[in-house]
Amino acid sequence: MSVQPLSGVRALTFDVFGTVVDWRSSIVDALTQAAERKLASPDFSTLPEHLQSRLRAVTEGNREWPAFAQDWRKSYGRFTRGFVPGETAWKDIDTHHRDSLVELLERYRLGGVFSADEIEELSKKWHFLTPWPDSAEGIRALGEVVVTATLSNGNRSLLNDLNEFGGLGFRKIISAEDFKAYKPSEKVYRGAVEALGLEPGEVAMVAAHLGDLKAAQGCGLRTVYVERNREEDWVVGSQEYEDAKGWVDVWVREEEEGFVEVARQMAIIKPS
């Protein structure tokens, strides 16, 4: 009889952006809708002509909003990777999202299109991202047997909103904010294990990013890789990517129903 790959695991901690929720389509939609509302609003005609023309050009055919969304996401990655616990002044992800949105609007020659209140509202769209189709079902099934917890760089209020909005059913919300550090800092992974009252080997990190899992493994956590469309930063087929197949405990391919498949492999859901 084969050994169950997650035998002894009592808790699963989940990366959220890209792993649990489809941030890309949600943010592109939010940006597009904000632009369309502005184009249709009475105050659009009060904008300088060059801003009116620019907003029309960006929005027509939705040519640039996908790139804008990707740049917004990249700025998040640079911010979290560049954060040094104990040295860098603390800034939560909500504040970063607002600040980076302002910078990106300037870079895309859209500075002045949106009011401060509209920018604040748009930056909070990260609180309301659509889950992947398997997320809620899989997390709820897994949560009947093991503790399911977020382990995201998102701040607590953001994660609580995502959990409620998506009906995800996480049993526990753990945020990098709790430890005043950001993944891949070991303070986050070790802090989560301590918060769960478990040993590292009793916790498995679930993510769609091998870099996240590599850092978690370095802290003694087990690993579950769930492929998600366009989420992996490592080059598919590269040496480090291929090597990961040897140390990841569970590898779920994109066509295998994500967290539902994790529940199958943990014998929580019977194979169909």
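This text follows the structure it describes.
Keep in mind that what you see is a predicted model, and the values were worked out from it rather than measured.

To continue, consider the pairing of strand β1 (residues 11–14). Burial along β1 is two-sided: the residues A11 and T13 and L12 and F14 are all buried. Where β1 and strand β2 (residues 147–152) come together, four bridges link them in parallel fashion. Along β2, the bridge assignment pairs A11 with V147. Note: β1 against strand β4 (residues 203–207), four bridges, orientation parallel. Note on β4: the bridge partner recorded for A11 is V203.

Let us look at the pattern of salt bridges. Evaluation of the coordinates by the stated rule reveals 20 salt bridges. The residue D15 makes a salt bridge to K183 at a minimum N-O spacing of 3.1 Å. Within this pair, whereas D15 is found in the loop between β1 and α1 (23–40), its partner K183 is found in the loop between β3 (172–175) and α8 (186–196), the two being separated by 168 residues in sequence. The same class applies to D15 as to K183, namely buried. E118 is the salt-bridge partner of K38, the closest N and O atoms lying 3.0 Å from each other. Within this pair, whereas K38 is found in helix α1, its partner E118 is found in helix α5 (residues 116–123), the two being separated by 80 residues in sequence. The exposure class of E118 is partly exposed, given its relative accessible area of 27%.

Here we take up the packing of helix α4 (residues 93–107) against α5. With their axes 9 Å apart at the nearest point, α4 and α5 run at an angle of 120 degrees to one another. When the interaxial angle is binned, α4 and α5 end up oblique. When the axes of α4 and α5 are compared, the crossing they make is right-handed. Listed contacts from α5 to H97, R98, L101, V102 and L105 of α4 are I119, E120, L122 and S123. Residue composition of the contact of α4 with α5, by class: five nonpolar, two polar and two charged.

The next subject is the environment of E202. Checked against the element boundaries, E202 lands in the loop between α8 and β4. Excluding residues within four positions of it along the chain, E202 makes contact with G8, V9, R10 and A11.

Attention shifts here to the pairing of β4. β4 sits mainly inside the fold: five of its five residues count as buried. Side chains of β4 alternate between two faces, with V203, M205 and A207 and A204 and V206 buried alike. In the sheet, β4 pairs with strand β5 (residues 222–226) via four bridges, with the strands oriented parallel. In the sheet register, A204 faces β5, and the bridge partner there is R222. In this region the chain leaves β4, passes through helix α9 (residues 210–218) and returns to the parallel neighbour β5; the handedness of that crossover is right-handed.

Enumeration over the complete set of coordinates arrives at 17 aromatic pairs. When the ring of F14 is compared with that of F170, the centres are 5.3 Å apart and the planes differ by 70 degrees; the resulting orientation is edge-to-face. With F14 in strand β1 and F170 in the loop between α7 (156–165) and β3, the pair connects residues that are 156 residues apart, well separated along the chain. Judged by centre distance (6.4 Å) and plane angle (65 degrees), the ring pair of F79 and F83 falls under edge-to-face. On the accessibility criterion, F79 (17% relative accessible area) is buried. Taking NZ or CZ as reference, K180 lies 5.2 Å from the ring centre of W90, over its face. Stacked on the ring of W251, the Lys or Arg K245 has its end atom at 5.8 Å from the ring centre.

What counts, and where the lines are drawn
Residues numbered from 1 in each chain as written. Predicted model: local features only at pLDDT ≥ 70, side-chain atom pairs only at ≥ 80, totals over all residues. Heavy atoms only, no water. Buried < 20%, exposed > 50% of the residue type's maximum accessible area, 1.4 Å probe, protein only. Helix = DSSP H or I, 4+ residues; strand = E, 2+ residues; numbered from the N terminus. Pairing = 2+ DSSP bridges. Salt bridge = Lys/Arg side-chain N within 4 Å of Asp/Glu carboxyl O. Axes fitted to C-alpha atoms, helices over the stretch in contact; angles between N-to-C directions. Parallel < 35°, antiparallel > 145°, perpendicular 65-115°, else oblique. Left-handed = near helix turned anticlockwise from the far one by under 90°. Contact = heavy atoms within 4.5 Å. Nonpolar A, V, L, I, M, F, W, Y, C, P; charged D, E, K, R; others polar. Right-handed = clockwise from strand over helix to strand, strands pointing away. Phe/Tyr/Trp six-rings, centres within 6.5 Å; stacked < 30°, edge-to-face > 60°. Lys NZ or Arg CZ within 6 Å of the ring centre and 35° of its normal.

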